[in-house]
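Results of the structural survey
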Amino acid sequence: MARVLLVDDEPNIRWTMAEFLSRQGFEPLTAPDYDSAMGILREQEVDVAVVDIILPGRTGIELLKEICEWPRYIPVLMMTGEPDLDRVPEMLRAGACDYMAKPVVKEALIEAVTRALDKKRAVDEKIRLDREMRSHAEELELLIEERTRDLATIEQANNEAMRSLQEKLENSERVALLGRAAAQIAHEVKNPLAGLRLYAFHLRSKLAGSPRAGEIDLVNKIIKTLDHLSEIVERTLDFARPITLSKTRLDINRIINESLQLLEPQLAANHVLVERLLAPTGVICSADEALIGAALVNVILNAIQAMPTGGRLSVTSEKKERSVTVEIADTGNGISAVSVRDVFEPFYTTRSRGLGLGLPYARKVIGQHQGEIEIFSQAGQGTRVMLTLPAEG
């Protein structure tokens, strides 16, 4: 249902126009002046605004200019009396979508609002397509950069390395394609979810104070489910977005300890004992702290979830000549040989409630750092995940 903001200092005019719009299926919001209208705009999503040029205090032209600067496009229809028709050019220059002469009749109002909504849909669609095109262009640039680096490596490698590299390229293309598809789906789902959540909150407010507690509980369950779905959408979009690195000099031991501290509630809940086997000094690399921390959290969380009835988590760090390695090992049930080949595929998971983006995201982050991530596991014998990053300098 489209929301139409009506701004006029005459109560009878506001009421009459609101009745016209309500009967045609619109949701009218009314305000008598500039300040009241701005309050509504800050609190609610408005699709079209109908503004009288003469308002108490600040004028309708001032309100028009303010709305035209709004982050979200809102078409504005201006109303003016016949003596003010010479101000029409000023209104149009200020950004008015259209204007109507008073007194406003029902047919003219409905027709003008409908035209404005059509224009809004066209503008919103153009904005969406422009955003998608920019995103696709960025992804294409990243893909070209990755391909260029990979092809240079292929030229210097032997046949075995070339075959391995070709597999990585094919996987990168597959993941990029899947990520774009997932991002498109998530984008299309995000706005309807937000709308449903808004309606659910509105319904809950309507039921507040009602003796039908069971209905309020049902609405709360709906809101909780919508929040869960929104979280899944955001995680999918996060995975699909291109990664931009901000490298600093990083002590990997500190990031390991902070990640374990962050996951203390999960460790305690699963009765997991932690064994730290960290190198005493010099485990330094050049990396993006937030991204490496997120990758470690995802890998450690996977290990914890593999031990639902308890076990031991071993975290080892080591400084080698040109690299820094982190090994995360668990005493869980392990992974079959078939599953090991698929664990880095997006959305592949063996858990009923898992999204299957933890390890693919970790691989994406480590790969952007020119590092490697490997997994070693056998059914019934636990799992080891090895992360390798270039050492600083």
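As a reminder, the structure under discussion sits directly above these lines.
In this text the structure is predicted, and so the values were computed from the model without any measurement. (Residues numbered from 1 in each chain as written. Predicted model: local features only at pLDDT ≥ 70, side-chain atom pairs only at ≥ 80, totals over all residues. Heavy atoms only, no water.)

**Some thoughts on the overall build of the chain**
When helices and strands are tallied, the chain shows 12 helices and 12 strands. Taken over 393 residues, the chain has a buried fraction of 40%. Across the chain, contacts joining residues at least 24 apart in sequence account for 70% of those joining residues at least 6 apart. Here the chain displays about 22200 Å² of accessible surface, and carbon together with sulfur accounts for 53% of that area. (Helix = DSSP H or I, 4+ residues; strand = E, 2+ residues; numbered from the N terminus. Buried < 20%, exposed > 50% of the residue type's maximum accessible area, 1.4 Å probe, protein only. Contact = heavy atoms within 4.5 Å. Areas by Shrake-Rupley, 256 points an atom, 1.4 Å probe, with all protein chains shown as cover.)

**With respect to the sheet that holds strand 10 (residues 323–330)**
With mixed pairing, the 5 strands of this open sheet are ordered in space as 7-9-10-12-11. With partners counted over all chains shown, the strands left at the sheet margins are strand 7 (272–277) and strand 11 (372–377), one partner each. Taking each pair of neighbouring strands and ignoring which way they run, the sheet shows an average axis angle of 15°. In this sheet, strand 12 (residues 383–390) lies alongside strand 10 in antiparallel orientation, the contact comprising 8 bridges. Looking at the pairing, Ser323 lines up with Pro390 of strand 12. Lying on the sheet, helix 10 (residues 289–305) is in contact with strand 7, strand 9 (311–319), strand 10, strand 11 and strand 12; it crosses strand 10 at an angle near 25°. Across the sheet, helix 12 (residues 358–368) is in contact with strand 11 and strand 12; its angle to strand 11 comes to roughly 145°. (Pairing = 2+ DSSP bridges. Axes fitted to C-alpha atoms, helices over the stretch in contact; angles between N-to-C directions.)

**Notes on the nonpolar core**
Ranked by internal contacts, the top residues of the largest apolar core, which has 40 residues, are Ile252, Ile292, Leu296, Leu313, Val326, Ile328 and Leu387. Of all the secondary structure elements, the ones that give two or more residues to this core are helix 8 (252–262), strand 8 (284–288), helix 10, strand 9, strand 10, helix 12, strand 11 and strand 12. With 9 residues, the top contributor of residues to this core is helix 10. With residues up to four places along the chain from it excluded, the contact list for Leu313 reads Leu260, Leu267, Val272, Leu273, Val274, Glu275, Ile300, Ala303, Met307, Ile328 and Ala329. Listed in part, the 25 residues of the second largest apolar core include Leu5, Met38, Ile40 and Val51. (Core = buried A, V, L, I, M, F, W, Y, C linked by side-chain atoms within 4.5 Å.)

**Some details on unusual backbone geometry**
Following Lys102, the chain continues to Pro103 via a peptide bond in cis, the omega torsion being -5°. Within the chain, His271 stands out as a residue other than glycine whose phi angle is a positive 55°. Its location among the elements puts His271 in the loop between helix 9 (264–269) and strand 7. Among the residues examined, His271 registers a relative accessible area of 59% and is labelled exposed. Phi at Gln370 is positive, roughly 65°, even though this residue is not glycine. If you trace the backbone, Gln370 turns up in the loop between helix 12 and strand 11.

**Some words on the packing of aromatic side chains**
Counting across every chain of the model gives 0 aromatic pairs. Above the face of the Tyr34 ring, Arg58 is positioned so that its terminal group lies 4.2 Å from the ring centre. (Phe/Tyr/Trp six-rings, centres within 6.5 Å; stacked < 30°, edge-to-face > 60°. Lys NZ or Arg CZ within 6 Å of the ring centre and 35° of its normal.)

**Quick look at the side chain of Ser377**
Along the polypeptide, Ser377 turns up in strand 11. Of the polar contacts made by the side chain of Ser377, one reaches the backbone oxygen of Gly382; its length is 3.0 Å. Side-chain polar atoms of Ser377 contact the side chain of Thr383, separated by 2.8 Å. (Polar contact = N/O pair within 3.5 Å; in protein donor to acceptor, adjacent residues only side chain to side chain.)

**Looking at the side chain of Asp98**
Mapped onto the elements, Asp98 comes out in strand 5 (residues 98–101). Since its relative accessible area comes to 18%, Asp98 is described here as buried. Polar contacts involving the side chain of Asp98 include one to the side chain of Arg115, which spans 2.6 Å.

**Remarks on the packing of helix 10 against helix 12**
The angle between the axes and the distance between the axes are what describe a pair of packed helices. Running from N to C, helix 10 and helix 12 point in directions that differ by 150°, and their axes come no closer than 9 Å. Here helix 10 runs over helix 12; the crossing is left-handed. Contacts between helix 10 and helix 12 pair Leu291, Ile292, Ala294, Ala295, Asn298, Val299 and Asn302 from the former with Gly358, Leu359, Tyr361, Ala362, Val365 and Ile366 from the latter. Of the residues in the contact of helix 10 with helix 12, the class split is 10 nonpolar, 3 polar and no charged. (Left-handed = near helix turned anticlockwise from the far one by under 90°. Nonpolar A, V, L, I, M, F, W, Y, C, P; charged D, E, K, R; others polar.)

**Some remarks on helix 1 (residues 11–23)**
Between its first and last C-alpha, helix 1 extends 18 Å over 13 residues, near the 18 Å set by a 1.5 Å rise per residue. Where helix 1 is concerned, the buried positions are Arg14, Met17, Ala18, Phe20 and Leu21. The buried side chains of helix 1 occupy one side of the element, clustering within an arc of 160° when seen end-on. Of the exposed residues in helix 1, those oriented more than 90 degrees away from the buried face are Asn12, Trp15 and Arg23. (Expected span 1.5 Å × (residues − 1). Arc of directions from axis to C-beta.)

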